[in-house]
Structures are given as structure tokens and as C-alpha cells.
Amino acid sequence: MRLIVGKGAINGIRREISRISPFSVAVVTERKVADLHLEKLMEHIGNAQCIVLEPGEKMKSLETAEIIWRWLFEIGATRRTLIIAFGGGTVIDIAGFVASTYMRGMFLANVPTTLLAQADAAVGGKNGVDYIGKNMIGTFYDPKFVLVDTSFLDSLGEDEMRSGMAEIVKHAIIGDEKLFEMLENGGFSIEEAVKRSLFVKLRIVKRDPREEKGLRSMLNLGHTVGHALEFLSNYSISHGIAVSIGIAVSCKLGEMLHGFDGRERVEALLVKMGLPIRLKADPDDVIRVARRDKKAVNGRIVMVVPRKIGRVVVEEVDEEILRKALEEMTS
């Protein structure tokens, strides 16, 4: 996989496409992104077909996948057709799932337009749809290239930027103490923060590409509680906001279980980024949903817990201890 990051990176997309030499190009995007950026993308890639989906987490469904499969069939797509996923994390998830399953696999490229997708979702090869729970059906499938143009971030609102910063903070806690300090001090460019965030993820994914060694599970810091909160809210709260609260809960667990001394620093940084750290859900409901999380083992909850800034562990968490942490983090 080739990774291209920088302001104005979209100017080189035709060169990246020519490296693949696809039979045809099919763009999968959503309405909000299409209104803002599709014309610019099409100018750069030339001849391509495009499908525009309605935005929102509910896009990630088998019903949407079937719509795209049928569209691909109707436009004569083949295994050598390149799908370009153009949008945020939901577009990248559904387009990657479709690309990995249509004719048993097509060419795929990710062009993320949100900070959350640029700093996290666009790399790693995970994709899927929501079925009963979040991301319960999916595949591992790597794109041929990921092109991150930070100029797309200029059109984002504050809520979307905050949501993306949650994933950058997550990666800093997992494996980049210097990035964490940069975020604390405020002396960073968004390009630098995105690059460092992606390098943390890619370093882990390279060692455990299919989550078979347990290393890749570290990337789920904040996600067990975060996914539960998303589900309980019927996805009315954004992924990044939910993950921020999940990170705060995990840091509380780290303090309780291992004497983690960075909880106050993490909470202060999240608040500085305009992110929430307090729970507004029934702890028992969160635990009930967490038992069904993909990382759970025979109904026992497994979570990512910080030991120090830059180091985390993946471990089974006793439900009573988790309940106590959730209660202490409830507003």
C-alpha cells in the first residue's frame, strides 16, 4: 500500500491511478462530500462513474452494500475496476467491504476527507457493515493507495475536527509520547499530527495485519465503551465523541488496575480539544452491550488499558471493576 499525505496531495491522484492501470474507475461517496468536493476529484481523475449515498452511520448496512453491488454490475465493473472511497470513515468502511466482496475482490483506493478518516480509518485494511452491533460483518482488505489531502479539512466543522482529534489522542497514548506532548503544548501542524498518528497505526498493523497476535487490538483503546455508547444512542453521537469518553474510562481503569499516573493529563488534553470525558449512560447498559463486543472472549469483557503515556495493554476486565470505573466517570 502506498501512503501519500500532504496539503494538495489530490493533485497527484491521476499518477497513483496510472500505477494500477485499472479497467475503469468507480467512485463511492456520500451527498455532503459530493456537494463540497466531488467536482474537484473528478477534474483530477477524468473518466469515472460515481454513486452518491446518503450520509450517516446507517449507510453501513448490508442493504447499502447490495445497492452498490447492483450498481457495479450495471456499469460493467470487473475485478480490475478501481473503487475510490471518497469521504469519511463510513464511506471508507462500506466501500472497502464492497470492494473486497464484489467478484471476490476489486482494486481499492481510499481518499479520506474527514480528520477521523485521515488520521485513522483510511489505513489498516479493516472495513465492514453494522449488523446487530457495530462492524459485526466485515473483511480485511488493503487499498492499493491511501491519499490524504489535508486541504479537505478546511471544509469541516468544529464537531468533525474534534471527533478526529480523539483518534489522534488515542494513537498518542498507544505509542507516541512525543505526539502526546506536541498536542499538549499546541505546537503542531495538522499534517504532522496526522502523519504521526498514521505511523503509530501502521507500525502496529504491519506486525499484526489480521489481528491474530493480539497486537492490533491495542488500536481499540476507548472503543469497547465507545462502541457501546454509539449503539445505545442509536448512533446519534459521533464515533470520535464516543471514543473520547471511552478513552477517559480506560484511563480510569488504568489508574485503578495499574497505578496509571497519566489520567489527569489525558483528561485535560481531551477537554482542551473540546472533547467530552463524562458518561451519560447507565453503566449496566454499557456493560451489557460491551459483552457482545468483538474483542470479548466468551462473554468476558476485554479492553485496552494504559500503563503509561505511549504504552497500553490488552486485558480482560472484571465487570465489577468496570462498573465502578463507569460509575465514577458518570456525570
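Coordinates for the structure precede this section.
Rules and cut-offs
Residues numbered from 1 in each chain as written. Predicted model: local features only at pLDDT ≥ 70, side-chain atom pairs only at ≥ 80, totals over all residues. Heavy atoms only, no water. Helix = DSSP H or I, 4+ residues; strand = E, 2+ residues; numbered from the N terminus. Rg over C-alpha atoms; globule rule 2.2 N^0.38 Å. Buried < 20%, exposed > 50% of the residue type's maximum accessible area, 1.4 Å probe, protein only. Core = buried A, V, L, I, M, F, W, Y, C linked by side-chain atoms within 4.5 Å. Contact = heavy atoms within 4.5 Å. Phe/Tyr/Trp six-rings, centres within 6.5 Å; stacked < 30°, edge-to-face > 60°. Arc of directions from axis to C-beta. Patch = residues over 30% accessible without salt bridge, like charges linked within 9 Å, V, L, I, M, F, W, Y side chains within 5 Å. Areas by Shrake-Rupley, 256 points an atom, 1.4 Å probe, with all protein chains shown as cover. Salt bridge = Lys/Arg side-chain N within 4 Å of Asp/Glu carboxyl O. Pairing = 2+ DSSP bridges. Polar contact = N/O pair within 3.5 Å; in protein donor to acceptor, adjacent residues only side chain to side chain. Axes fitted to C-alpha atoms, helices over the stretch in contact; angles between N-to-C directions. Parallel < 35°, antiparallel > 145°, perpendicular 65-115°, else oblique. Left-handed = near helix turned anticlockwise from the far one by under 90°. Nonpolar A, V, L, I, M, F, W, Y, C, P; charged D, E, K, R; others polar.

S.K.: Now, about the overall build of the protein chain: what can you tell me, with residues and values included?
M.R.: Counting its secondary structure elements, the protein chain contains 13 helices and 10 strands. Relative to the globule expectation of 20 Å for 331 residues, the C-alpha radius of gyration of the protein chain, 19 Å, shows essentially globular dimensions. Across its three principal directions, the C-alpha atoms of the protein chain cover 55 × 45 × 35 Å. Put simply, the protein chain has 331 residues, and 56% of those count as buried.

S.K.: A description of the nonpolar core should follow, citing residues and the corresponding values.
M.R.: Ile68, Leu72, Ile83, Leu183, Val266 and Leu322 are the most contacted members of the largest nonpolar core, which has 89 residues in total. In terms of residue count, the dominant contributor to this core is helix 10 (residues 239-258) (eight residues). Not counting the four nearest positions on each side in its chain, leucine 322 is found in contact with Val249, Leu253, Ile287, Ile301, Met303 and Val317. Formed by 23 residues, the second largest nonpolar core is a distinct cluster that contains Val27, Phe145, Leu147 and Phe152.

S.K.: Summarise the packing of aromatic side chains; cite the residues concerned and give the values.
M.R.: All told, the structure shown has two aromatic pairs when counted by the stated rule. Taking 6.2 Å as the distance between ring centres and 45° as the angle between the ring planes, the aromatic pair formed by tryptophan 69 and phenylalanine 97 counts as tilted. Here phenylalanine 97 lies in helix 4 (residues 89-101) and tryptophan 69 lies in helix 3 (residues 62-74), a separation of 28 residues in the sequence. Tryptophan 69 gets classed as partly exposed once you look at its relative accessible area, which sits at 25%. Aromatic side chains phenylalanine 86 and phenylalanine 152 sit 5.6 Å apart centroid to centroid with 70° between the ring planes, which places their arrangement in the edge-to-face category. Of this pair, phenylalanine 86 sits in strand 4 (residues 81-87) while phenylalanine 152 sits in the loop between strand 8 (145-148) and helix 6 (158-175); the two residues are 66 residues apart in sequence, bridging distant segments of the chain. In terms of burial, phenylalanine 86 and phenylalanine 152 fall into one category: buried.

S.K.: An account of helix 1 (residues 13-20) is needed here, citing residue identities and associated values.
M.R.: Three or more residues of helix 1 are buried, namely Ile13, Glu16, Ile17 and Ile20. Buried residues of helix 1 fall within an arc of 100° about the axis and therefore sit on the same side. Residues of helix 1 that are buried sit in contact with strand 1 (2-5), strand 2 (24-30), helix 2 (31-45), strand 4, strand 5 (107-112) and strand 8. Of the residues trailing helix 1, serine 21 is marked for its positive phi of about 55°.

S.K.: Any chance you could break down a nonpolar patch on the surface for me, citing the residues and the numbers?
M.R.: A cluster of nonpolar residues, Leu62, Tyr131, Ile132 and Met136, forms a patch on the protein surface that exposes about 400 Å² of accessible area. Mapped onto the elements, isoleucine 132 comes out in the loop between strand 6 (126-131) and strand 7 (133-140). On the basis of relative accessibility, which here comes to 65%, the residue isoleucine 132 falls in the exposed class.

S.K.: Which residues make up the environment of asparagine 220, and what are the values?
M.R.: Looking at the element boundaries, asparagine 220 is found in the loop between helix 8 (190-207) and helix 9 (223-232). For the pair formed by asparagine 220 and arginine 203, sequence separation is 17 residues and the distance between their alpha carbons is 15 Å. Once residues within four sequence positions are removed from consideration, asparagine 220 is found in contact with Lys126, Glu211, Lys295 and Val304.

S.K.: I'd like a rundown of the pairing of strand 10 (residues 311-316), residues and numbers included.
M.R.: Where strand 9 (residues 302-308) and strand 10 come together, six bridges link them in antiparallel fashion. The partner of lysine 308 across the bridge, within strand 10, is arginine 311. Taken together, strand 9 and the strand that follows it, strand 10, pair antiparallel across an intervening segment of two residues, in which glycine 310 is found at a positive phi of about 100°.

S.K.: Now, about the environment of isoleucine 4: what can you tell me, with residues and values included?
M.R.: Mapping isoleucine 4 onto the fold places it in strand 1. Here the alpha-carbon distance between isoleucine 4 and aspartate 282, two residues 278 residues apart in the chain, equals 42 Å. Apart from the residues lying within four places of it in its own chain, the contact partners of isoleucine 4 are Ala9, Glu16, Phe145, Val146, Leu147 and Val148.

S.K.: Describe the side chain of serine 151, listing the residues and the values that go with them.
M.R.: Among the structural elements, serine 151 can be located in the loop between strand 8 and helix 6. At 2.7 Å, the side chain of serine 151 forms a polar contact with the side chain of aspartate 149. The residues touching serine 151, leaving out its near neighbours within four places in the chain, are Lys7, Gly8 and Lys40.

S.K.: Please set out unusual backbone geometry residue by residue, giving values where relevant.
M.R.: Positive phi values are uncommon outside glycine, yet methionine 103 reaches one of about 55°. Its location among the elements puts methionine 103 in the loop between helix 4 and strand 5. Given the relative accessible area of 39%, methionine 103 is considered partly exposed. Despite not being glycine, asparagine 135 has its phi angle at roughly 55°, a positive value. Looking at the element boundaries, asparagine 135 is found in strand 7.

S.K.: I'd like a description of the packing of helix 7 (residues 177-185) against helix 11 (residues 263-272), backed by residues and values.
M.R.: Packed helices, taken two at a time, are described by the angle their axes make and the gap between the axes. Packing of helix 7 against helix 11 brings their axes to within 10 Å, and their N-to-C directions diverge by 50°. When the interaxial angle is binned, helix 7 and helix 11 end up oblique. Considering how the two elements wind past one another, helix 7 and helix 11 form a crossing that is left-handed. Here helix 7 contributes Phe180, Glu181, Leu183, Glu184 and Asn185 to the contact with helix 11, which in turn contributes Arg265, Val266, Leu269 and Lys272. Here the contact of helix 7 with helix 11 is composed, by residue class, of four nonpolar, one polar and four charged.

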